[in-house]
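One letter stands for each residue in the lines below.
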Amino acid sequence: MAEDSKATAYQEAMDALSSLITKRSRADKSNNGDRFELIFDYIKMLDLEESISKMKVIHVAGTKGKGSTCTFTESILRNCGFHTGLFTSPHLIDVRERFRLNGVEICEEKYISYFWWCFDRLKEKTNEDIPMPSYFRFLALLAFKIFSAEQVDVAILEVGLGGKYDATNAVEAPVVCGISSLGYDHMEILGNTLGEIAGEKAGIFKHGVPAFTVPQPDEAMNVLKEKASQLDVPLQVIPPLNANLLNGLKLGLEGEHQYVNAGLAVALCSSWLQRTGRPEVAHLEQTDSLPEQFIKGLTTASLQGRAQIVPDRCFDADNYGDLVFYLDGAHSPESLEVCGKWFSQQVLSYQPQDKSSHEFVSKHLNERVRKQTTQILLFNCMSVRDPQVLLPRLMESCANHGVRFKKALFVPNTSVYFKVGPHSVPPTEVDFSWQFALQKIWENIMHSNKGGDDKTTDVFSEDLKDDSEMCVRSGETSAVFSSLPLAIKWLRDTVQQNRSVRFQVLVTGSLHLVGDALKLIKK
Ligand SMILES: Nc1ncnc2c1ncn2[C@@H]1O[C@H](COP(=O)(O)OP(=O)(O)OP(=O)(O)O)[C@@H](O)[C@H]1O
Ligand SMILES: [Mg+2]
Ligand SMILES: [Mg+2]
């Protein structure tokens, strides 16, 4: 296929996918399952019943760490020699990131072909009673189709939301289940207490199928245990992975909490290997070593937008490291706290990793080390989140580790609901009231925290006011930009004008924001 027609074919599939996005806000109270049972009708329509029942599935729910746990799990089993299928959510840049075969996102050709295979059949067979599936349900069905057609040895499935009524829960007999860290998120749908949330997630437990979880608050753990015993599920609590088991290497995903996820992944893989009849590679009861393939899997796993550090490419070797983006898609109170800690530790131990020669490095190192650094926050969160909780939590976590932001920049997301492809169109009318609200919260915290210990010189006091076209509203320690590209442009310009300062920008609050930022800075 010629490049042009290929792009068009892909775009057509994206448009068809977008047509499944329901306008209904995720915030409306309707976790009555929303006719969950329809998923089984769709599966019949696609003739996938038998292949799903034969699939050797690892199913993972949780509030935080699902995607990371699944990523480690996939990487371990791939390194053990299995043909893997991984379904995760959300995606950052392109919907195909959600479907990985042997660790690599599905190629456009295959995606398009499986897409239409499913879409056309469903279009033909659905009716008034059984309408087309919603966006996420369709993607889960597509994952079932892809993994069955590609005959994967193992399908690792991340729950989209909750557990009980999630489309991935159509799998009736997984090999093993995992529940990652539980916390507060999506309360508008899943309930207000940790117990209620845990109950939803435990909805993935299946009679007699072993399940693993990580240490949880009592309120959550009690519910998990109760649900497990009702279903004869052997539930084991797995401690964080002991870092000494990695032969001096580091986990492929950064951040201390990843040891929690890695421990869970090791348990899931061991159990899967054992239950599918491959105990020879399994890490069974021994606690003093890990099989080589496990170490390789854990240390080479990768996931975009999670604790990712990207030095801006716009700067040449001389100024390499003058603008560094720290990207993390954290968007719940707990994960923002973890993210703040990670960022603080990174910036405090920062040494520019220069690509050029040692000689060059040593010549410039003194000068570099002497350079002042300044930390900036680039933030947005979806309006279903509570920034009154998120922003102080992040800020306190940083402050506890000795880092204070000089300035916070707020931007709207380019497109939230309609971003399914790499070429999405930004909406024409943008309303900044949400960003103004975030800014106000920020300014209030900054004011109430104002101690006398801030001796850094103000590197930007003048710049912002001159840039009225870029900046919609600038405050003392914050600014709202009309778009992410403009905020990044402002950062780059500011760095150019302040050569003695190194800028460390934390981008967080929303995975969509992180995805949009990656698109712009990785070009
Ligand atoms: N065990 C954990 N405890 C707390 N925070 C975590 C944990 N694991 C990951 N995180 C944080 O959550 C963010 C998202 O991680 P990950 O994608 O693994 O989770 P997820 O459950 O798939 O999230 P999502 O709800 O976005 O699908 C990470 O960037 C990290 O900041
Ligand atoms: Mg989530
Ligand atoms: Mg996820």
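Since we're looking at a predicted model, the values are computed, not measured.

A. A look at helix H4 (residues 66-79). The end-to-end C-alpha separation of H4 is 20 Å, in line with the 20 Å expected for 14 residues at 1.5 Å each. Burial analysis of H4 places twelve of its 14 residues in the buried class, the great majority of the element. Burial in H4 covers these residues: Lys-66, Gly-67, Ser-68, Thr-69, Cys-70, Thr-71, Phe-72, Thr-73, Glu-74, Ser-75, Ile-76 and Leu-77. For H4, the elements touching its buried residues are strand E1 (57-61), strand E2 (84-87), strand E3 (99-101), strand E5 (154-158), helix H10 (258-275) and helix H11 (292-300). Phi turns positive, to about 100°, at Gly-81, one or two residues after H4.

B. Inspection of the site of ligand 1 at higher detail. Neighbouring ligand 1 are 19 residues; Lys-66, Gly-67, Ser-68, Arg-306 and Asp-328 lie closest to it. Between an oxygen atom of ligand 1 and a main-chain N or O atom of Thr-63, the distance comes to 3.4 Å. A distance of 2.8 Å separates an oxygen atom of ligand 1 from a polar backbone atom of Gly-67. Here ligand 1 has 630 Å² of accessible area as a free molecule, and 94% of this is covered by the chains. Elements supplying a minimum of two residues to the shell around ligand 1: H4 and helix H12 (333-348). Take the shell around ligand 1: its biggest share by element is three residues, from H4. Built from parts of two domains, the shell around ligand 1 gets at least three residues from each of domain 1 (33-300) and domain 2 (308-351 + 370-419 + 427-449 + 465-522).

C. Quick peek at the pattern of salt bridges. By the definition in use, this model includes twelve salt bridges. Salt-bridge contacts for Arg-492 lead to Asp-312; the nearest nitrogen and oxygen are separated by 2.8 Å. Of this pair, Arg-492 sits in helix H17 (residues 484-497) while Asp-312 sits in the loop between strand E9 (308-311) and strand E10 (323-328), and the two are 180 residues apart along the sequence. Look at Asp-312 and you get buried, because its relative accessible area is 1%. For Lys-519, the salt bridge goes to Asp-516, with nearest N and O atoms at 3.7 Å.

D. How the structure looks around the UniProt feature "domain: Mur ligase central" (unreviewed entry) in the chain. UniProt records the feature "domain: Mur ligase central" (unreviewed entry) for residues 60-229 in the present numbering. Helix makes up 42% of residues 60-229 and strand 14%, and the two end C-alpha atoms of the span are 19 Å apart.

E. Quick peek at the coordination of the magnesium ion (ligand 3). Surrounding the magnesium ion (ligand 3) are the protein donor atoms Ser-89 (O) and Glu-158 (OE), which sit 2.2 Å from the metal. Here the residue Ser-89 occupies a position in the loop between E2 and E3, and Glu-158 occupies one in strand E5, the gap between them amounting to 69 residues. This pair shows no difference in class: Ser-89 is buried, exactly as Glu-158 is.

Conventions and cut-offs
Residues numbered from 1 in each chain as written. Chains lettered and ligands numbered in written order. Predicted model: local features only at pLDDT ≥ 70, side-chain atom pairs only at ≥ 80, totals over all residues. Heavy atoms only, no water. Helix = DSSP H or I, 4+ residues; strand = E, 2+ residues; numbered from the N terminus. Expected span 1.5 Å × (residues − 1). Buried < 20%, exposed > 50% of the residue type's maximum accessible area, 1.4 Å probe, protein only. Contact = heavy atoms within 4.5 Å. Near = heavy atom within 4 Å. Polar contact = N/O pair within 3.5 Å; in protein donor to acceptor, adjacent residues only side chain to side chain. Areas by Shrake-Rupley, 256 points an atom, 1.4 Å probe, with all protein chains shown as cover. Domains from an automatic or database assignment. Salt bridge = Lys/Arg side-chain N within 4 Å of Asp/Glu carboxyl O. UniProt positions renumbered as here; feature names shortened; annotations may be inferred. Donors = N, O, S within 2.8 Å, 3.2 Å for Na, K, Ca; no water.

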